[in-house]
Amino acid sequence: MDLRYWLPRAVEVIERFGERFGPYEPHPSHRVGDADFAPVFERFAKRLDDNYPFFHPRYAGQMVKPPHPAAVVGYTTAMLFNPNNHAAEGGPATTEMERECVTALGGMLGMPAALGHLTTSGTMANLEALYVARESHPGRGVAYSTECHYTHERMCHVLGMEGYPVPVDAHGRIDPGALEPLLASGRVGTVVLTTGTTGLGAVDPVHEVLPRARRHGVRVHVDAAYGGFYALLGLSDEPEGVDVRPWRAVGACDSVVVDPHKHGLQPYGCGAVLFNDPRAGRHFAHDSPYTYFTDAELHLGEISLECSRAGAAAAGLWLTLQLLPLTRDGFGRMLAASRRAAVRFAGLLAGSEALELYQRPDLDIVTYVPAARPWSLSAVDAASERLLREGMHASEDPVFLSVLRADADAFARRHPGIVRDAGAARVMRSVLIKPEAELYLDRLHARIEQLATR
Ligand SMILES: *Cc1c(COP(=O)(O)O)cnc(C)c1O
């Protein structure tokens, strides 16, 4: 797909539509001539040089990658109409596309009959799930692991709910034994499990926690904002190195969040929340005197906390899913490539003199540290900082990594021999979210090895 061909087609689509309605005069108040636009655009383009090459496999830092060209064309074309998926009358076509996308996401996650919608982000999606948690169990709080995304604590605060942090095991997964007394206490109405933590990519044992939670009448919400697309491997017969047990339990949980703007090749502004029991929709009941007059079905705004949302986000996802369906042979091929890259990278690090694997990856986030001498937290921290900085600022052959703060206890659980001369150390973190990482892995690894050796 060549954007130089397809982006002008987006203009043709809106022009063709416009022809149906006859000519009209654009107002001079906002008219801009090409001669005036050119220098401003040039200045703008120059400013965008101040960026990181998220598209390139030498960028192996945060969970960022560019959208698929189909998503760009879908988003851009729909954006020229500017539909608002709050209500069907804001954009009937993209509302239908959003419903179809939600059905596809539900199928991927093992919740085929779920009620759900897209959101502007994983944070908003989790807010909705926690809001339903509060309405379902008034007066009870929310348990989440100390490795969960920081916004759960924040959103509990916003919602006026008590949050209960639960310790993790030596792999960064929620500790079911530590959770048990909290489940039994009656103080918790919902537990949040994360299938793919943002820091380590650790997958909480949903299959172990779910039956325990059920015994105590506690709901389970799964935050799969990052990891959700791995359900394609977890629910397939050919799991490609992913533990299938947590993924096979997700479909029986109460709600799940997934971010198509992370693994799903979408531009930012595309999260999703799904509720297993469609009756969760009653918690969103409200009337809007301005909208909801065109469609007999529930409008998406009627099951959402947000009002305006970009119909273009649904368009981008819908168009992408026509080409790369949510199957093992569709999207799953990319996830499998990322996973293979992570497993092989971990193997290379385990055999390295200059680097140490921090912990084995569950998904595609690989964590590692320079093998500092002395083997102390402060020396590891300084060496990680240097690796990050020198990699990023190298004028030739740069590599873009990221770091994660590990406290002394967490570090020592994985590497008992470490000298604890500081409270924490930064460790290297590479999110291999792009399948291109698989093809580039040897070069990436060799370069990191080279930077760490001296
Ligand atoms: C990224 C992430 C979030 C937050 O999602 P945004 O789309 O950035 O708001 C929540 N939970 C997890 C596990 C994440 O990785």
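Residues numbered from 1 in each chain as written. Predicted model: local features only at pLDDT ≥ 70, side-chain atom pairs only at ≥ 80, totals over all residues. Heavy atoms only, no water.

1. What to know about the overall build of the protein
Formally: Secondary structure elements follow DSSP: runs of H or I of four or more residues count as helices, runs of E of two or more count as strands, with numbering from the N terminus. Here the globule rule reads 2.2 Å times residues to the power 0.38, and the radius of gyration is calculated from C-alpha atoms. Exposed residues in this analysis have more than 50% of their type's maximum accessible area, buried residues have under 20%, and partly exposed residues fall in between, with area computed by a 1.4 Å probe over protein chains only. Any two residues having at least one pair of non-hydrogen atoms within 4.5 Å are treated as being in contact. Only the protein chains shown count as cover for residues, with accessible areas throughout obtained via the Shrake-Rupley method and a probe of 1.4 Å. Residues scored as positive are Lys and Arg, those scored as negative are Asp and Glu, and His as well as the terminal groups of each chain are ignored. Charged side chains are reduced to one point each, which is NZ for Lys, CZ for Arg, CG for Asp and CD for Glu.
Looking only at helices and strands, the protein has 15 helices and 11 strands in total. For a compact globule of 454 residues, the expected C-alpha radius of gyration is about 22 Å, and the protein comes in at 24 Å, within 12% of that figure. By its C-alpha atoms, the protein is 75 × 60 × 40 Å across when sized along the principal axes. Classification of the 454 residues of the protein by burial places 53% in the buried group. Taking contacts inside the protein between residues at least 6 apart in sequence as the whole, the part at least 24 apart equals 74%. When the accessible surface of the protein is split by element, carbon and sulfur atoms take 55% of a total near 20800 Å². Distance from the positive charge centre (45 side chains) to the negative charge centre (54 side chains) of the protein: 4 Å.

2. Overview of the site of the ligand
Inclusion rule: Distances are taken per atom, and a residue is near a molecule or strand as soon as one of its heavy atoms is within 4 Å of it. The definition of a polar contact used here is a pair of N or O atoms within 3.5 Å, where within protein one atom must be able to donate a hydrogen and the other to accept one, and adjacent residues in sequence count solely through side-chain atom pairs. Throughout this entry, Asp, Glu, Lys and Arg are counted as charged residues, while Ala, Val, Leu, Ile, Met, Phe, Trp, Tyr, Cys and Pro are counted as nonpolar. The remaining residues, Gly among them, count as polar.
Of all residues adjacent to the ligand, which total 14 residues, the nearest are Gly 122, Thr 123, Asp 223, Asp 259 and Lys 262. Contact between the ligand and Asp 259: an oxygen atom at 2.7 Å from a side-chain N or O atom of the residue. Lys 262 places a polar side-chain atom, nitrogen or oxygen, 2.8 Å from an oxygen atom of the ligand. A total of 380 Å² of accessible area belongs to the ligand in isolation, and the protein chains cover 88% of it. Considering every element that reaches the shell around the ligand, the biggest residue donor is helix α5 (residues 122–136), with 3 residues. Within the shell around the ligand, the residues separate by chemical class into 2 nonpolar, 9 polar and 3 charged.

3. Points about the domain arrangement of the protein
Where the parts come together, the accessible area they lose is often given as the size of the interface. Cut-off, in case you're wondering: Domain delimitation in this document rests on an assignment produced automatically or drawn from a domain database. When two parts are put together, the accessible area they lose, computed with a 1.4 Å probe and summed over both, is reported as buried area.
Its domain assignment divides the protein into domain 1 (73–323) and domain 2 (331–452). Computed over C-alpha atoms, the centres of domain 1 and domain 2 are 30 Å apart. With 31 residues of domain 1 at the contact, the number on the domain 2 side is 22 residues. Here domain 1 packs against domain 2, burying approximately 2200 Å² in sum over the two surfaces, 61% of which is carbon and sulfur.

4. Concerning helix α15 (residues 436–452)
Inclusion rule: What a helix should span is 1.5 Å times the count of its residues minus one. A residue's bend is the angle separating two fitted axes: one through the seven residues that end there, the other through the seven that start there.
In a regular helix each residue adds 1.5 Å, so 17 residues correspond to 24 Å; α15 covers 23 Å between its end C-alpha atoms and thus fits that length. The principal kink in α15, of about 50°, is found at Asp 442. The complete set of buried residues in α15 reads Ala 437, Tyr 440, Leu 441, Leu 444, His 445, Arg 447, Ile 448, Glu 449, Leu 451 and Ala 452. Looking at the packing, one finds that the buried side of α15 touches α12 (332–350), β8 (355–359), β9 (365–370) and α13 (377–393).

5. Topic: α12
Residues spaced three or four apart along an α-helix point in a common direction, a consequence of the helix completing one turn every 3.6 residues. With 19 residues, α12 extends 27 Å from end C-alpha to end C-alpha; this agrees with the ideal 27 Å at 1.5 Å per step. Here α12 has its buried residues at Gly 332, Met 334, Leu 335, Ala 336, Ala 337, Ser 338, Arg 339, Ala 341, Ala 342, Phe 345, Ala 346 and Leu 349.

6. Comments concerning the state of the cysteines
Keep this limit in mind: Throughout, a disulfide means two cysteine sulfur atoms within 2.5 Å of one another.
Per the counting criterion, the structure on display carries 0 disulfides. No disulfide involves Cys 156; its sulfur sits 8.5 Å from that of Cys 148, the nearest cysteine. With relative accessibility at 1%, the residue Cys 156 sits in the buried group.

7. Some words on the packing of aromatic side chains
Heads up, the condition is: Aromatic pairs are defined between Phe, Tyr and Trp rings, using the six-membered ring for Trp, whenever the two ring centres lie within 6.5 Å; interplanar angles under 30 degrees are classed as stacked, those over 60 as edge-to-face, and all others as tilted.
Taken as a whole, this structure holds 15 aromatic pairs when the rule is applied. Taking the centre distance of 4.8 Å and the plane angle of 90° together, the rings of Tyr 5 and Trp 6 count as edge-to-face. Accessibility expressed as a relative area gives 33% for Trp 6, which makes it partly exposed. By the ring-pair criterion, three or more aromatic residues cluster together here, those being Tyr 52, Phe 54, Tyr 59 and Phe 400.

8. Topic: the pattern of salt bridges
Under the convention used in this document: For this analysis, a salt bridge means a side-chain nitrogen from Lys or Arg found within 4 Å of a carboxyl oxygen belonging to Asp or Glu.
Taken as a whole and assessed by the stated rule, the structure comprises 23 salt bridges. Two residues, Arg 212 and Glu 180, come together in a salt bridge whose shortest N-O distance is 2.8 Å. Taken together, the positions of Arg 212 in helix α8 (residues 206–215) and Glu 180 in helix α7 (residues 176–185) put the pair 32 residues apart, joining distant regions of the chain. Note on Arg 212: relative accessible area 24%, which makes it partly exposed. Using a relative accessible area of 22% as the deciding quantity, one classes Glu 180 as partly exposed. For the salt bridge of Arg 426 with Asp 381, the shortest nitrogen-to-oxygen distance reads 3.0 Å. Taken together, the positions of Arg 426 in strand β11 (residues 424–431) and Asp 381 in helix α13 put the pair 45 residues apart, joining distant regions of the chain.

9. So, the sheet that holds β8
Cut-off, in case you're wondering: Strands qualify as paired when DSSP identifies two bridges or more between them. Working convention: axes come from line fits to C-alpha atoms, limited for helices to the stretch in contact. Angles between N-to-C directions cover 0 to 180 degrees.
Spatially, β8-β9-β11-β10 is the arrangement adopted by the 4 strands of the open sheet, whose pairing is antiparallel. What marks the edges here is a single partner per strand, and that holds for β8 and β10 (402–407). Each strand axis lies, on average, 45° off the axis of its neighbour in the sheet, ignoring direction. As paired elements, β9 and β11 share 4 bridges and run antiparallel to each other. Counterpart to Thr 367 in the pairing with β11 is Arg 429. Set on the sheet, α12 makes contact with β8, β9 and β11; between it and β9 the angle comes to about 15°. With respect to the sheet, α13 is in contact with β8, β9, β10 and β11, its orientation differing from that of β11 by roughly 35°.

10. Describing the pairing of β10
Burial of the side chains of β10 is restricted to one face: Ser 402, Leu 404 and Ala 406 are buried, whereas none of Val 403, Arg 405 and Asp 407 on the reverse face is. Judged from the 6 bridges that link them, β10 and β11 form a sheet pairing that is antiparallel. Bridge pairing in β11 places Val 403 opposite Met 428.

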